[in-house]
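Chains, contacts and geometry: an overview
Letter by letter, the chains look like this.
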Amino acid sequence: MINLGMASLRLCAGLAGRWSGFCARSLRTLSGMTVSQIDEEVAKLLQLKAQLGGDEGRHQFTLKTAKGTRDYNPKQMAIREKVFNTIISCFKRHGAENIDTPVFELKETLTGKYGEDSKLIYDLKDQGGELLSLRYDLTVPFARYLAMNKVTNIKRYHIAKVYRRDNPAMTRGRYREFYQCDFDIAGQYDPMIPDAECLKIVHEILSELELGDFRIKVNDRRILDGMFAVCGVPDDKFRTICSTVDKLDKMSWEDVRSEMVKEKGLSEEAADQIGQYVSLQGGMDLAERLLQDAKMSQSKQACAGLTDMKQLFSYLQLFQVTDKVVFDLSLARGLDYYTGVIYEAILTQTGPVPVAAAQNGAGEKAEEGVSVGSVAGGGRYDGLVGMFDPKGRKVPCVGVSIGIERVFSIMEQKAEASAEKVRTTETQVMVASAQKNLLEERLRLTAELWNAGIKAEVMYKKNPKLLSQLQHCEDSGIPLVAILGEQELKDGVVKLRTVHSREEIDVSRAELVEEIKRRTSDI
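Residues numbered from 1 in each chain as written. Predicted model: local features only at pLDDT ≥ 70, side-chain atom pairs only at ≥ 80, totals over all residues. Heavy atoms only, no water.

Condition: UniProt positions are given in the numbering used here, feature names are shortened, and annotations may be inferred rather than shown by experiment.
You'll find the chain entered in an unreviewed UniProt entry as histidine--tRNA ligase, with Hucho hucho given as the organism. What UniProt records for the chain under Catalytic activity (unreviewed entry) is the sentence "tRNA(His) + L-histidine + ATP = L-histidyl-tRNA(His) + AMP + diphosphate + H(+)". Comment text from UniProt for the chain, heading Sequence similarities (unreviewed entry), reads "Belongs to the class-II aminoacyl-tRNA synthetase family."

Right, here's the structure in full:
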């Protein structure tokens, strides 16, 4: 009986929550009960537990984000907002308009536009008679938008999320859900002028963000196709060989050659000839030299691309960006829709490779430094809109996409390494009080500031300590404190305190708004 009583006592003691009172009452009466009475009490407790619901029936959630996705805390969002503002400002400086498109498209809209990367498209379950997929990029939806709305001339930017069923590398900024920042020029214009502006935009953005040294590699699909033709690549293998060449930024030439020969069925002689060309880099001088090349000069396609490349570099000289641009025959970009100039921007590191990059194998291909990855890419796609137009009408397009997640990763690493504090709010002033019973006056002043367009905060307590209010400003980076006290209310002034220097001055209520604006104009 004692053993049974002790077991029951332990059971009662372990039952918690809303029925703890009932359990306590039972404990007080157990000592004078028989075994049958104890069993009856235990049964009542178990029944009550079942009614209230125990842990056994509760679903255990796995608290994690989906593979290839992440959350962003306020500090990270502040960095992202700064980057977005820099990019949008540049796009607007170049006269771009903003558009938006749905996050999912008809599956047939996206099918057959991305070459071997089509396998990375996320398909959605049929929810109502339409086969849908999440957008893979912003370029194909843009082309669909142009064809559907019969737009033949536009300079647009679009910043939105895209989705790829890729193997994520989180430390290098490669995700399954990520933002793209696209700038495109659609319309019939003289050759290479819009193309040169796109490269100028990449140069401006990367320079303003101060990410480090960078290079912009350029090539032309016509040059690539002409090169493949004169090297003996069969016509039906152009795209698949192009996709393999596109891996040269991640693989050695020996591995790329092996894939072309063993997996793609290309002859060793053709592969070796390709190898001689894809090792070449230069500028306008290289384009001129290739125009005189015995083999390349046999291809009309290649000659047209090389002539345009010379024109492109002449415009880039006028834009003063040739110091960062290199004509690189190894650049391929595997997407099927490119028809002319293609380009890609990479960051380089002349010193030691960052830990995250070294662990992920970044930086194997760059002569002037160590590459830490592509941060922008794009090119000309003159035939894509015509694929959607019922009459096949073409709208020439050229554009660039900023690899924003890679940029964010670098900016976050810089912020972590720097002692500089990242502000997560834009609050200009904290409305505080030095004495009790001044909540109404604080709220009244806060409303006046809000109505005047001032970004202000007030602590959500009736009688907060002044030290707590000042500490909040220190922690949040709020530059000013407007302090109210009984004497200030009588005199019709506010004590305005600069948090950093702790300097205090009395400012009349009528002049407070202008004084706050003056002191925070450079923030």
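The discussion continues.
**A few points about the overall build of the chain**
Inclusion rule: Labels follow the DSSP assignment, with helices taken as runs of H or I lasting at least four residues and strands as runs of E lasting at least two, numbered in each case from the N terminus. Relative accessibility decides the category of a residue: with a 1.4 Å probe and only protein chains considered, values under 20% of the type maximum give buried, values over 50% give exposed, and everything between is partly exposed. Under the convention used here, a 1.4 Å probe and the Shrake-Rupley method define accessible areas, while residue burial counts only the protein chains that appear.
Looking only at helices and strands, one finds 20 helices and 16 strands in the chain. Relative to its full complement of 523 residues, the chain shows a buried share of 47%. Entry remark: accessible area of the chain is about 27100 Å², with carbon and sulfur atoms responsible for 50%.

**With respect to helix α11 (residues 268-278)**
We apply this condition: Contacts are residue-level and defined by heavy atoms, with any inter-residue pair within 4.5 Å sufficient.
For α11, every residue scored as buried is listed here: Ala-270, Ala-271, Gln-273, Ile-274, Gly-275, Tyr-277 and Val-278. Those residues of α11 that are buried are in contact with α8 (221-230), α9 (238-245), α10 (253-263), α12 (284-291) and β8 (325-328).

**Thoughts on the pairing of strand β15 (residues 493-498)**
Selection rule: If DSSP finds at least two bridges between two strands, the strands pair.
Burial of β15 is extensive: five of the six residues sit out of reach of the surface. The sheet contact formed by strand β14 (residues 480-484) and β15 spans four bridges and is antiparallel. Residue pairing in the sheet places Ala-482 in a bridge with Leu-496 of β15. The sheet contact formed by β15 and strand β16 (residues 504-508) spans five bridges and is antiparallel. Note on β16: the bridge partner recorded for Arg-497 is Glu-504.

**Regarding the UniProt feature "binding site: L-histidine" (unreviewed entry) in the chain**
With numbering aligned to this structure, UniProt lists the feature "binding site: L-histidine" (unreviewed entry) at Asp-137, Leu-138, Thr-139, Arg-164, Gln-180, Asp-184, Arg-333, Tyr-337 and Tyr-338. Looking at the element boundaries, Asp-137 is found in the loop between β3 (132-134) and α6 (139-148). With sequence-adjacent residues up to four places away left out, Asp-137 is seen in contact with Tyr-114, Val-162, Arg-164, Gln-180 and Tyr-337. If you trace the backbone, Leu-138 turns up in the loop between β3 and α6.

**What to know about the sheet that holds β14**
Where we set the bar: Angles shown run from 0 to 180 degrees and are taken between the N-to-C directions of axes, each axis being a line fitted to C-alpha atoms and, for helices, limited to the stretch in contact.
Pairing within the open sheet is mixed, and its five strands lie in the order β13-β12-β14-β15-β16. Both outer strands of the open sheet, β13 (456-458) and β16, are each paired with one neighbouring strand and no more. Taking each pair of neighbouring strands and ignoring which way they run, the sheet shows an average axis angle of 30°. In the sheet, strand β12 (residues 429-433) pairs with β13 via three bridges, with the strands oriented parallel. Looking at β13, one finds that Val-429 is bridged to Ala-456. On the sheet, helix α17 (residues 439-451) packs against β12, β13, β14 and β15 and is oriented at approximately 160° with respect to β12. Strand contacts of helix α18 (residues 466-476): β12, β13, β14 and β15, with the helix running at about 170° to β12, the strand carrying the most contacts.

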